[in-house]
Amino acid sequence: MSTHTVLLPVASGPRIRAVLGELSRPHRGSAAVAVVVLVAGAAVSLLVAPLLGEIVDRVARRQGADAVLLPVLGLAGIAVVQGLLAALGVALTARFCETLLAGLRERFVDRALHLPQARIESAGAGDLTSRVTDDVSAVSDSVREAVPELARAALMVALTLVALAVLDWRFLLAALLASPIQVWTARAFLGRSEPLYTAQRIAGGAQQQHLLDTAAGLSTVRALRLHDRHATGIAERAAEVARLAVAVVRLHTQLFARLNLAEFIGLAAVLVTGFWLVGSGATTIGTASAAALYFVNLFTPINVVLFQLDAAQTALAGLRRLVGVADLRRPPEPDEPATVRGARVRVRGLTHHYVEGHPVLTDVDLDVAPGERVALVGASGAGKSTLAGIVAGVHAAGSGTVEIGDARLDDLDADGRRRAVTLVTQESHVFAGPLAGDLRLARPDASDDELLAALDRVGAGGWARALPDGLETVVGDGGHRLPVVAAQQLALARVVLTDPRVLVLDEATAEAGSAGARALEESAEAALAGRSGLVVAHRLTQAAAADRVVVLDAGRVVEEGPHDDLVAAGDRYARLWEAWTGARGGEPAPSPRS
Amino acid sequence: MLAYRGRIAAGGVLFSTHQAGEALVPLLVGVVIDRAVAAGDPVALAGWLAVLALDFLVLSYAYRFGARQSWYAEAWADARLRRQVAGRLLDPRGGGETGRLPGELTGIAVSDAKRVAELQVALPILIAGVAAVAVTAVTLLAIDLSLGLLILLGTPPLLWVVQLVVKPLEKRSGAEQERAAQAAGTAADLVSGLRVLNGIGARPAAVRRYRDSSRQALGATLRATRAEGGFLGTVQLANGLFLAVIALVGGRAAANGDITVGQLVSAVGLAQFLIGPLQMFGFVSARLAQARASAARIAAVLSAPPAVGAPEDGVAPGGVGPDGVGPDGVAPGGAGRDGAGRDGALPDGDPAAGPGELSVRGLRLRRPAGGSGDRSERRSRVDPATLEAGDPGDGRHDGDDRSSNDGRHSTGRLGSDGVDLDVRPGAPTALVAADPEDAAALLAVLARESGPGDGRVTLDGVPLDAWPPEVARGAVLVAAHDAHLFPGSLRDNVMAGAPETADPEPAMAAAAADQVAQTLPDGHDTDVSARGRSLSGGQRQRIALARALAADAPVLVLHDPTTAVDAVTETRIAEGLAAHRAGRSTLLVTTSPALLGQAGTVTFVVDGRVHARGTHAELMADDTYRAVVTA
């Protein structure tokens, strides 16, 4: 069944730009306005230092106490404008970035939900899940925090340098003496931080997973007396997390030490330049003060740029994985979709393999007459689930044809397939949110009464009404936990709402354990009523209750016929039946229909 | 936390030095302007630049050592707290997890531990913040009294105004985060239910649902960012106006000759600097509150009472003779922490060394009050007074009559609602419970997850609860039907409870797990955790069963081991299982006819009482029984 892992695609730089460009096209205008406001805000804030310099100059020129009033009023005016521009700039930037982000994540989820099942399985369950959780949140956080901070700080740095040049170009040269150290530091830092963060993320994830596994399996741990092994495992994971945290701190402190060096060199150079320029009469003391203040005010934005570059670098890895999926094309739909008439199932010459040379199904023919119930019986690996999946249109057939009614499955579009056939497997999933929302996935326009009717039909009306908020009760992950039986009844209620012509049940009652099996069998009966049914049976009583039994072995149909005929025939199925019912020593096999 | 006092103090001193150094930078800039630039004195320039260099050197190294000291301490405290939480959860007596979901427990062990550990950094930073404010205040007051007072007294109200603006923003951003989390949750949830969506053709509906959720999140985010914009704008405005006031007062003072130009520059720089540490106070106080809440959650787990009493917890049945006559003493509460072997109260030897004869007498599966299987049952009481009279005959526990200590049993029906059961080496014994709750209650007692209440469970004549739970579990292994597989290879999982030298193959063959290994890419070495979700229920169940068989316990109790397995494989397992356990004690708690057919005696329990006993074939004549097992 399994092939080797092939991860989902990761986008290249040009593809990221292309996809983001496409998504941002409708919002270009607002982006331009946001940039203008940000630049204006940063530019205005640069007026502060020269105004302070002006105050110093006026004091130095002994123009009297009242002379400082004018530049002070200027400072107040700047404060007002700055406040307004900051408010506007943040809102506008966020609007653009967040809208872009929403577009990206929606497109990502759309493509993710349209991935062929086989593709997701070959990527491993974790790949898509980690993209949809970790990567989306990493990119979102970055858009929310790193990007605006980075933009503001970078702008601040750039404009400060411009302002230094305006004061005197020699101040700029002096300030730039610090930059070789800063660039070199940044490169070394960013090159080393990313692998360290990746290791940290992996170690953190492993620790989390280990704890979760232990916490979820505590009774198993106790039963098998695995305490020490788990304690050691957790301690090792925790030590690794701590070791990496220490390494990160080391890296950060090294970074700061070098930045401090750069700060000193730059500041000293600016002060010496000021000394020299004032001495030669090329500039005033006020201007020299302003230049020094400018440079001191650069410390923070430069740190911010470095750290946010660091954060953005992490987010970029997530972005590559998001765009990799968002950039996939949706599977094509037939140009002229067929419509389904009738409820028979006709499978001819079906051959399928997951791995070349290892056929799972070989030349299988199968018929289900309208309204008929056919049970599939066979050992694990006989191909039952594959056959069920192909009939339900979840897996693409290797070769051969599958028809529902008089239409080929391949000729149906998504909606046609939904109306034609539904598959319910033992894997139950309760969708998080209100119970009604879960059911409406099956029929979005259903009224509450219709939802309740569907629940009643499968015997779930009782517990559903007893929920604290009825249909509006939040169920699933983070909500009211439904027991396995209820979850599976919910799945069957969805079938009633979808109302397909053909229902395929793949051991749909297996996970309930013996406890809930009976209740579920009844629910399944109700969901099957009025439809053609293909049932992968794990309890042979299900086979006995079907109209016909098809026995699969190693991908081929080896026996076929009504239960009683097959038992009477005394062949494979009969032996299986005898062994399964546990009847020994001539005791007659129990009749399941009694 | 107290253990780290020294480290925190050292971190505080180092961070303070760093802050003081940072505060000196604008001051020194002012001095350079005054003494060197304005005076045109190159010697003063060189001298003061050297002082500036020294300042940078000190602040840089102080930060380096302070940061390393504090963050290293945080990392190790974090790991230590996590080990402690894990240690409590893993206590064989259980109870640490009671009432908490696995995700919540993980959150406590990860996030809460981290928050508490963060104090290692937050406290030194707090100390340094106080120091920075003090240094700045002294310097400012030394420059000019009125200007210094203006800055010192003006800054706190300024920050207070900022706080006022932040409060509603925090609320708003909380709502936003909730929405965003919801949208992210919706996406993850839809993706994990993808097979189900596929089965019902609901992908388009799911895409629409996500889009709605995402748009709502976007709306909330945009509202929050408008508030955030307002906040930032207000901060800028307030800071800018305050600066203007300082410039006005300082400028006038300088013009009047009260202070020098350089002092004016220093004062303005210090005023800017002061905002940093003052803002930090707000941040640290929020952290302190969080850490307190986290510490409370951790303490709740660490101090949770055990779910099941070990013998030393108060009840130590003693005086077990060679004939296995039961308890004759109820030790006074709290006989000692590690009571094993003390006072002769505990049995000697290894329960796993005996023949493995398990006997259950008068075990009530339904508690008179509080429901069946009450896991909070702490005291394991051995109370022969309520032993069922109709003991099917080994007469092991006569004459030990003793009245109960709390009279609790009197509310139940005496002598009629207990279950008796014997599991002896040989062919498997089976128990069929019409109500799964009854089965769960029995299994909890056998697994030593809860006490036997008024009933009595003995292994080779010795009460099972005379041993510490982990010792008892070594002799009686209860394999739950939903047993958990752990990270590691398939082989690691199968061998988890087995002696190291054991051969996994026979157990795997008996559980039909060899077939599972064949279909996996790396066979026995396939990492079960990585593919854990893509293993089918039947595959997982077979691996878990192989693990239970490989553990080779004297008494093996299997609960519904084949519910997710197909009929063909189930019959194979039933035979393999019986052959593998031949000659040992095995109890099958199941309703599977294929397994029941392999059992010698089947006990059928209805409403917490034994309804019938016999072979599977005999019991098939009973309508109730047949209905239960062929449902």
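An unreviewed UniProt entry annotates chain B as ABC transporter transmembrane region of Pseudonocardia ammonioxydans.

By the naming in an unreviewed UniProt entry, chain A goes by ATP-binding cassette, subfamily C and is assigned to Pseudonocardia ammonioxydans. The record held by UniProt for chain A lists under Subcellular location (unreviewed entry) the comment "Cell membrane".

**Some words on empty space enclosed by the protein**
Tallying each qualifying case throughout the model produces 13 cavities of 30 Å³ or more. Computed from the structure, the largest cavity encloses a volume of approximately 90 Å³. Around the largest cavity, the lining residues are Leu423, Val424, Thr425, Glu427, Ser428, His429, Gln488, Ala491 and Arg494 of chain A together with Arg195, Val196 and Ile200 of chain B. Class assignment of the residues belonging to the lining of the largest cavity gives a composition of 5 nonpolar, 4 polar and 3 charged.

**Comments concerning the UniProt feature "transmembrane region" (unreviewed entry) in chain A**
All names here are of chain A. The feature "transmembrane region" (unreviewed entry), as given by UniProt, occupies residues 31-56, 68-92, 153-178, 259-279 and 291-312 in the numbering adopted here. Between the end C-alpha atoms of residues 68-92 there is a gap of 36 Å, over a span that is 96% helix and 0% strand. Segment residues 259-279 splits into 100% helix and 0% strand. End C-alpha atoms: 30 Å apart.

**Description of unusual backbone geometry**
Residue and element names in this part refer to chain B. A positive phi is found at Arg448, a non-glycine position, where the angle reads about 60 degrees. One non-glycine residue, Asp460, lies in positive phi territory at about 50 degrees. Along the polypeptide, Asp460 turns up in the loop between strand E4 (456-459) and strand E5 (462-463).

**What about the interface of chain A and chain B?**
Between chain A and chain B, the residue contacts involve 147 residues of the former and 149 residues of the latter. Overall, the association of chain A and chain B removes approximately 12900 Å² of surface from exposure, summing both partners, and the carbon and sulfur fraction of that is 67%. Counting the surface chain A buries against chain B, the share from its top three residues, Leu113, Arg222 and Phe275 of chain A, is 6%. One can count 5 salt bridges joining chain A with chain B. With a shortest N-O distance of 2.8 Å, Arg222 of chain A and Glu449 of chain B are connected by a salt bridge. Taken together, chain A and chain B are joined by 26 residue pairs in polar contact (both at pLDDT 80 or more). It is helix H10 (residues 227-279) of chain A that contributes the most residues to the side of chain A that touches chain B, 28 residues altogether. Of the residues in the side of chain A that touches chain B, the class split is 80 nonpolar, 40 polar and 27 charged.

**Quick look at helix H21 (residues 572-581) of chain A**
Residues and elements named next belong to chain A. Inspection of H21 places Tyr573, Ala574, Leu576, Trp577, Trp580 and Thr581 among the buried residues, and these make up the whole buried set. The arc that holds every buried residue of H21, seen down its axis, measures 160 degrees, which confines them to one face. Among the exposed residues of H21, those oriented more than 90 degrees off its buried face are Arg575 and Glu578.

**Some words on the UniProt feature "transmembrane region" (unreviewed entry) in chain B**
All names here are of chain B. Here, the residues flagged by UniProt with the feature "transmembrane region" (unreviewed entry) are residues 44-63, 121-143, 231-255 and 261-284. Between the C-alpha atoms that bound residues 231-255 there is a distance of 35 Å. The span itself is 100% helix and 0% strand. Annotation note: span residues 261-284, helix share 100%, strand share 0%, distance between end C-alpha atoms 36 Å.

What counts, and at which threshold
- Residues numbered from 1 in each chain as written.
- Chains lettered and ligands numbered in written order.
- Predicted model: local features only at pLDDT ≥ 70, side-chain atom pairs only at ≥ 80, totals over all residues.
- Heavy atoms only, no water.
- UniProt positions renumbered as here; feature names shortened; annotations may be inferred.
- 1 Å grid on protein atoms, 1.4 Å probe; cavity = no way out; pocket = protein on both sides within 12 Å on 5 of 7 lines; lining within 4 Å.
- Points joined across faces, edges and corners; volume = space filled by probe spheres on them.
- Nonpolar A, V, L, I, M, F, W, Y, C, P; charged D, E, K, R; others polar.
- Helix = DSSP H or I, 4+ residues; strand = E, 2+ residues; numbered from the N terminus.
- Contact = heavy atoms within 4.5 Å.
- Buried area = accessible area lost by both parts, 1.4 Å probe.
- Salt bridge = Lys/Arg side-chain N within 4 Å of Asp/Glu carboxyl O.
- Polar contact = N/O pair within 3.5 Å; in protein donor to acceptor, adjacent residues only side chain to side chain.
- Buried < 20%, exposed > 50% of the residue type's maximum accessible area, 1.4 Å probe, protein only.
- Arc of directions from axis to C-beta.

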